[in-house]
Amino acid sequence: MATIGLRMLYSGIKNDDGSVAADAVKGLDASGVFQIDTNKAKGNLGTKTANITGISGTPTKIDGNNETVDVSNPPSAPSVAIDSNLINYLAKEKMLGRVSNGIGGYIDGDTVPECGLIVEAQIPVTLKSVFFCFGRGTFNEASHNVQTNTSTAETRDDDNLTYTALTYDKFSGKPLATFYEDDPGFSKKAMFDLVFPGQTFITSDTTTTTTVPTTTTTTTH
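Residues numbered from 1 in each chain as written. Predicted model: local features only at pLDDT ≥ 70, side-chain atom pairs only at ≥ 80, totals over all residues. Heavy atoms only, no water.

### With respect to the overall build of the chain
- Helix and strand counts for the chain stand at 2 helices and 13 strands.
- By the burial criterion, 37% of the 221 residues in the chain qualify as buried.
- Contacts in the chain between residues far apart in sequence, at least 24 positions, make up 61% of those at least 6 positions apart.
- Surface summary for the chain: the accessible area is close to 12300 Å², and the carbon and sulfur share equals 50%.
- Distance between charge centres in the chain, computed from 17 positive and 25 negative side chains, equals 4 Å. (Helix = DSSP H or I, 4+ residues; strand = E, 2+ residues; numbered from the N terminus. Buried < 20%, exposed > 50% of the residue type's maximum accessible area, 1.4 Å probe, protein only. Contact = heavy atoms within 4.5 Å. Areas by Shrake-Rupley, 256 points an atom, 1.4 Å probe, with all protein chains shown as cover. Lys, Arg positive; Asp, Glu negative; His and termini not counted. Charge placed at Lys NZ, Arg CZ, Asp CG, Glu CD.)

This is the structure in structure tokens:
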């Protein structure tokens, strides 16, 4: 699917039973779903790119009797390279499985939590949303490239995360499901319930979520 722009990223930490952690302490948000929006008051500055790779496996030709007789179609192994201007640091540390030492520091935990992820873009002609959905996966942060400012430029180091998708039983054992807002059967609530079971972020298909790029946000769930 061709897309235009990057509208929003949504994530949520999963409990051991597969439900989303709808708790502001154990999870990323009391609703279970955290938006990487552009609200500075929430510690976010939006996302530049979410590069999804590995959507399909690499087919292998099967030869026999001096002919190509079949093709092996291995499973997909998607990952998402995320370049965000800024992610709320408390949410990011939880997504990475880091734990507080009680004095403002965060240290790698013994386990990395599983998270759901939705990448929302738009269809070029209709400008309706298309959602790339991952029910299970883990985040990691490989590096920080910290550089000096100069006399003429401010040097920023973004939040660069990699999301590695896992197979998901609610997607028939596949790691990725793509949803289209203009599909006749589309239900945003059903989609969010599928990716984030137990969420209260989207409570009906008439719900609208508006992110205002100022210090305040108007949101109806």
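### A word on the state of the cysteines
- Overall, the coordinates contain 0 disulfides when judged by the stated rule.
- As a non-bridged cysteine, Cys115 has Cys133 as the owner of its nearest cysteine sulfur, 15 Å distant.
- Residue Cys115 is classed as buried on the basis of its relative accessible area of 0%. (Disulfide = S-S within 2.5 Å.)

That is the geometry; function is a separate question.
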